[in-house]
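Chain and residue survey
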Amino acid sequence: MSPSPSSPDRGMLSLFAALTAVFVFVLGTIGVIVVVNDTASSSSTGSGSSQVEVTLSDFAIAPKTMSAAAGQVTLSIKNDGAVLHNVQIAALGKTSADLAPGAHGTLDLGNVAPGTYEVICAVPGHAAAGMTATLVVGDAGSSGASTATSGSSAGAMHTMAAGSSTGGDAATIDVNAAPPDGFTARDPNAPAPLPGTVHEITLEARETVLEVAPGVTQQMWTFNRPGEEPTVPGPILRGKVGDTFRVTLVNEGSIQHSIDFHASKVAWSDEMRSIAPGESLVYEFTADYAGAYMYHCGTAPALHHIGNGMYGAIIIDPPQLAPVDHEFVMVQSELYLGPEGQPGDLTKMQNDDWDAVVFNGYVNQYKFQPIRVEPDQRIRVWVVDDGPSENSAFHVVGTVFDTVWKEGSYLLQPDARKGGSQVLDLQPAQGGFVEFSLAEKGYYPMVTHKFSNVGKGAMGLFQAGDVAPLAGGGGH
Ligand SMILES: [Cu+2]
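My aim in this report is to walk through the structure given alongside it, one point at a time. Please read these numbers as outputs of a predicted model, since none were measured by experiment.

Conventions used here
Residues numbered from 1 in each chain as written. Predicted model: local features only at pLDDT ≥ 70, side-chain atom pairs only at ≥ 80, totals over all residues. Heavy atoms only, no water. Helix = DSSP H or I, 4+ residues; strand = E, 2+ residues; numbered from the N terminus. Contact = heavy atoms within 4.5 Å. Donors = N, O, S within 2.8 Å, 3.2 Å for Na, K, Ca; no water. Tetrahedral: all angles 85-135°; square planar, octahedral: opposite > 155°, others 65-115°. Buried < 20%, exposed > 50% of the residue type's maximum accessible area, 1.4 Å probe, protein only. Pairing = 2+ DSSP bridges. Axes fitted to C-alpha atoms, helices over the stretch in contact; angles between N-to-C directions. Phe/Tyr/Trp six-rings, centres within 6.5 Å; stacked < 30°, edge-to-face > 60°. Lys NZ or Arg CZ within 6 Å of the ring centre and 35° of its normal.

What follows deals with the environment of V324. With respect to the secondary-structure elements, V324 resides in the loop between β19 (311-317) and β20 (326-335). V324 has contacts with R378, R380 and E435, leaving out every residue within four places of it along the chain.

In structure tokens, the structure reads:
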């Protein structure tokens, strides 16, 4: 097995940190805008030097307010957390190296003028999770240094969630905008089950700028097979009950990541541990249970890693799965936009304040490129709700499901009772499939029937037979 950066004890700390991050955030976040005293000369010397002890944890910086005399200032930093952290004072242009759990480091700030400076951990999401503090240099109060406290305004939070103090405003989605020329929707077809019974799979974790809606890009955190483009959701894996999956996760990113297959029974503190950039681990399990399962990164704050795209689906077919004409996969998830090209906004994730709900990672993509089938063909759609936080009421307008399989069990199959189903209801991390046919030529919208989300990107179309394109290149 590969190097283990976290012992079980640290893992437990990490879980606790993940579970409490939201509370830490609520109690601990103070946004401070730095305004350095204009009258203090940066060339002043001879004021002596000072060293400030700083302790990092998941997810706080202690002390919350630190002070130093004007002049040479050095931070002596210890990471008491279970994941990588650093220290950044953007107003001084200073960022420490990433410190591993248990590691010490120093950050030489140089000759610092009197003033009040915002201190954060610049690992994405960590500032929004609570890792902010204030450094007061000199007698800032009486020397005329001015400070401005922004409190917990949304704007300040957005900046912090991006892990940058130059982030700017969140990107916005125009749900009526058409994708750019050359746009290709993600292939909605379900892959065939992997051949054989032992599956050697490598997944790379990385941070990648992807388009998530027409004209809108975000730095998504992703899984991809080697040599393939990173996507959100990650690759759809598929096998049979009894198959062994031997997955090597390689962290090709710049922050820690991990993976958690809901189809497996393994120790959370071993296979699901977080690994640092450049590290890898092997996650092996036998799929003993049929299901349409979520997989995801669980690195704290897990909400940020999942909300930022680190999820996919692994399908373990039930025995005697009936033949159909088409099989598709829809992964429903939310988008919480940060500034253009930057990571999603953890504060929005904490508040269930999504900007979009999407099928297979892109706003309304199958509205603009309908999924082509023929009338009366038998269609199976696997649906997995990867959330992180919103449910799904999967519905196809203009048809009735005659087969529903949810969370490992058939809820409905064709028989003499002639039952029909209108919605596959899924909570976050649930999955299943529906089967149906489309009776006539035409277009059939696919939605989550939680209708507030339809206008936020959770809309696609099936096209049965040759029919004229809809006005505007899609449906309504
Ligand atoms: Cu991750």
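All of the protein donors around the copper ion are H257 (ND1), C297 (SG), H305 (ND1) and M310 (SD); their distances to the metal are 2.1 to 2.4 Å. Around the copper ion, the four donor atoms are arranged such that angles at the metal cover 84 to 136 degrees; this shape is classified as irregular. In primary-sequence terms, the residues that donate to the copper ion follow H-x39-C-x7-H-x4-M. Classification of H305 by relative accessible area gives buried; the value is 3%.

Ordered by their spatial adjacency, four strands build an open sheet running β3-β2-β5-β8, and the pairing between neighbours is mixed. Either end of the sheet is taken by a strand with one partner, and the two such strands are β3 (60-62) and β8 (104-112). Each strand axis lies, on average, 25 degrees off the axis of its neighbour in the sheet, ignoring direction. In this sheet, strand β5 (residues 71-79) lies alongside strand β2 (residues 49-57) in parallel orientation, the contact comprising eight bridges. The residue of β5 that forms the bridge with S50 is V73.

Attention shifts here to the packing of aromatic side chains. Taken as a whole, this structure holds 17 aromatic pairs when the rule is applied. For the ring pair F261 and Y295, a centre distance of 5.2 Å and an interplane angle of 45 degrees mean the geometry is tilted. Linking F261 in strand β16 (residues 260-261) with Y295 in strand β18 (residues 291-296), this pair joins segments that are 34 residues apart in sequence. With respect to class, F261 is no different from Y295; both count as buried. Here Y410 and F433 contribute two aromatic rings whose centre-to-centre distance is 6.0 Å and whose plane-to-plane angle is 80 degrees, an arrangement assigned as edge-to-face. Within this pair, whereas Y410 is found in strand β26 (residues 409-412), its partner F433 is found in strand β28 (residues 431-436), the two being separated by 23 residues in sequence. Judged by its relative accessible area of 0%, F433 falls in the buried class. Here the aromatic cluster, defined as three or more aromatic residues joined through ring pairs, consists of F223, F245, F261, Y283, F285 and Y295. R380 extends its terminal NZ or CZ atom over the ring of F433, reaching a point 4.9 Å from the ring centre.

Taken by themselves, the reported measurements are silent on function.
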